Amino acid sequence: MDANTVLAERNELILNLIPKRYREITNRYFLLGGVEELRFRVNRPAQLIFSDKDVLLSQYGMLSKQEADDMLKACCMGSVYACENELRQGFITLSGGIRVGLSGNPVMTGGRITNFTSVGGFNIRIPNEVHGCADDLTDMFIEDGLPVSALVASPPGVGKTTLLRDLARSLSNRGYRVGIADERNELSGSMNSVPMFDVGLRTDIISFVPKTICIPMLIRSMSPQVIITDELSGEDEMNGVSEALKHGVAIIASIHASSFRQLRTIAYVGKALSGGLISRAFILRRSGSRFSLIGEGEKCD
């Protein structure tokens, strides 16, 4: 499937999620390119977000509660019940790596979210491929001819997933066996187990499985030299990284943090860095389609 066909299918899927009155203007912006997020909030105008600006569609009216309910059903392919596991986490992942974040009033039982039936806002995150953005940065993840374990940190929305996706392609096409632990299916955007993005010639993917299960599965079944995964969180997932390293497999993961100081305040991360479990850490910066990585010790704040 060529890139234009993938883009057209992705756009059509998104347009079918949103109320009809927003579709024509949204599609115009899609054709212009650069849209990164669509935000819809009850009783407020829709918002299109680009890397350097946002556009409010005030002239098209406010989103109604009924429209929000209809959007939730559309995101769940007509069955909210079938999406309960994802709704507990506050988002839904659709085909092609499209992620829909939710806000509103989740249902709580025993201190845990058990459902998310009353939704007040949607954040439709649009995966964008920036082909070649990692080419000049790939050597920073290689030492003595082998990939090294590393963290890529930034606040949300800077482009960690975009960079990791292209890093997988770059490492893979250089000859390394790459595994992608794609818990949310945002890195590969796989449809029917086929990646919709270029993640490289020597890359194997397991999607929609928690990292703690996915990482050992990849090691046992595909013997990768490096595993790339998105949004590392929690001590359990860091323990999964530790197990991978025991098998000689490097892990490259993203994490939310805006500085090295903030990164080290996360207990399990600070322990992994000080103990040498993770060899390198970088803060990601972005200007348009250009990405840069700042290593520890360099000025980044």
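The structure under discussion appears in the preceding block.
A short note on the pattern of salt bridges
Pairing of side chains with opposite charge becomes possible as their charged atoms draw close.
Here is step 1 of the chain: Counting across every chain of the model gives 15 salt bridges.
Here is step 2 of the chain: A salt bridge links E24 to R28; its shortest N-O distance comes to 3.0 Å. With E24 and R28 both in helix 2 (residues 20-32) and 4 residues apart, this pair spans about one turn of that helix.
Here is step 3 of the chain: Judged by relative accessible area, E24 falls into the exposed class, the value being 55%.
Here is step 4 of the chain: Residue R28 is classed as partly exposed on the basis of its relative accessible area of 45%.
Here is step 5 of the chain: When the shortest N-O distance is used, the salt bridge between D69 and K65 registers 2.7 Å. Placement of both D69 and K65 in helix 3 (residues 65-75) is noted, with a separation of 4 residues, approximately one turn of the helix.

Here we look at the pairing of strand 12 (residues 226-229)
Here is step 1 of the chain: Burial along strand 12 is two-sided: the residues V226 and I228 and I227 and T229 are all buried.
Here is step 2 of the chain: Bridge count for strand 10 (residues 178-182) against strand 12 is 4 bridges, and the pairing is parallel. By the bridge assignment for strand 12, G179 is matched with I227.
Here is step 3 of the chain: As defined by bridge partners, strand 12 adjoins strand 13 (residues 250-256) across 4 bridges and the pair is classed as parallel. Counterpart to I227 in the pairing with strand 13 is I251.
Here is step 4 of the chain: In this fold, the crossover linking strand 12 to strand 13 by way of helix 7 (residues 235-246) has right-handed handedness.

Observations regarding the sheet that holds strand 11 (residues 203-207)
Within a sheet, each strand pairs with its neighbour through backbone hydrogen bonds, oriented either parallel or antiparallel.
Here is step 1 of the chain: Across the sheet, 7 strands lie side by side as 11-10-12-13-9-14-15; this open sheet has mixed pairing. For this open sheet the edge positions go to strand 11 and strand 15 (290-295), each flanked by a neighbour on one side alone. In this sheet, neighbouring strand axes are inclined to one another by 25° on average, regardless of whether the strands run parallel or antiparallel.
Here is step 2 of the chain: Pairing analysis gives 5 bridges linking strand 9 (residues 150-154) to strand 13, with the strands arranged parallel. What sits directly across from L151, in strand 13, is A253.

Description of the nonpolar core
Here is step 1 of the chain: Membership of the largest hydrophobic core comes to 35 residues, with the highest contact counts inside it found for L38, F40, L72, L87, L102, F122 and I124.
Here is step 2 of the chain: Looking at this core, the elements with two or more residues in it are helix 1 (3-15), helix 2, strand 1 (37-41), helix 3, strand 5 (99-109) and strand 6 (112-125).
Here is step 3 of the chain: Of all hydrophobic cores here, the second largest spans 29 residues; its members include I215, V249, A272 and L273.

Quick word on the packing of helix 6 (residues 211-222) against helix 7
Here is step 1 of the chain: Across the interface, helix 6 lies against helix 7 with an axial gap of 9 Å and an inter-helix angle of 10°. With respect to helix 7, the element helix 6 is oriented roughly parallel. Where helix 6 approaches helix 7, its residues K211, T212, I215 and I219 are matched on the opposing element by D236, E237, G240 and A244.

Quick word on the environment of A46
Here is step 1 of the chain: Relative to the helices and strands, A46 is located in the loop between strand 1 and strand 2 (47-49).
Here is step 2 of the chain: Sequence spacing of A46 and R21 is 25 residues, and the spatial spacing of their C-alpha atoms is 11 Å.
Here is step 3 of the chain: If near-sequence neighbours (up to four positions away) are discounted, A46 is found in contact with Y22, R39, F40, V55, L56 and L57.

Observations concerning the pairing of strand 14 (residues 280-287)
Here is step 1 of the chain: Judged from the 4 bridges that link them, strand 9 and strand 14 form a sheet pairing that is parallel. Looking across to strand 14, one finds that A150 is bridged to R280.
Here is step 2 of the chain: Pairing of strand 14 with strand 15, which is carried by 6 bridges, proceeds in the antiparallel orientation. Bridge pairing in strand 15 places L284 opposite L293.

What to know about the environment of D182
Here is step 1 of the chain: Its place among the elements puts D182 in strand 10.
Here is step 2 of the chain: Between the C-alpha atom of D182 and that of L293, which follows or precedes it by 111 residues, the distance is 22 Å.
Here is step 3 of the chain: Setting aside anything within four residues of it in sequence, one finds D182 in contact with L187, S188, G189, I205, I206, S207, F208 and C214.
Here is step 4 of the chain: Reaching out from D182, the side chain makes a polar contact with the backbone nitrogen of E186 at a distance of 3.2 Å.

Topic: the side chain of K160
Here is step 1 of the chain: Mapped onto the secondary structure, K160 falls in helix 5 (residues 160-173).
Here is step 2 of the chain: No salt bridge is formed by the buried K160; the nearest opposite charge belongs to E231, separated by 6.2 Å.
Here is step 3 of the chain: A polar contact is formed between the side chain of K160 and the backbone oxygen of S154, at a distance of 3.2 Å.
Here is step 4 of the chain: Look past the residues within four positions of K160 in its chain and what remains in contact with it is V152, A153, S154, P155, S254, I255, H256 and L284.

Rules and cut-offs
- Residues numbered from 1 in each chain as written.
- Predicted model: local features only at pLDDT ≥ 70, side-chain atom pairs only at ≥ 80, totals over all residues.
- Heavy atoms only, no water.
- Salt bridge = Lys/Arg side-chain N within 4 Å of Asp/Glu carboxyl O.
- Helix = DSSP H or I, 4+ residues; strand = E, 2+ residues; numbered from the N terminus.
- Buried < 20%, exposed > 50% of the residue type's maximum accessible area, 1.4 Å probe, protein only.
- Pairing = 2+ DSSP bridges.
- Right-handed = clockwise from strand over helix to strand, strands pointing away.
- Axes fitted to C-alpha atoms, helices over the stretch in contact; angles between N-to-C directions.
- Core = buried A, V, L, I, M, F, W, Y, C linked by side-chain atoms within 4.5 Å.
- Parallel < 35°, antiparallel > 145°, perpendicular 65-115°, else oblique.
- Contact = heavy atoms within 4.5 Å.
- Polar contact = N/O pair within 3.5 Å; in protein donor to acceptor, adjacent residues only side chain to side chain.
- Lys, Arg positive; Asp, Glu negative; His and termini not counted.

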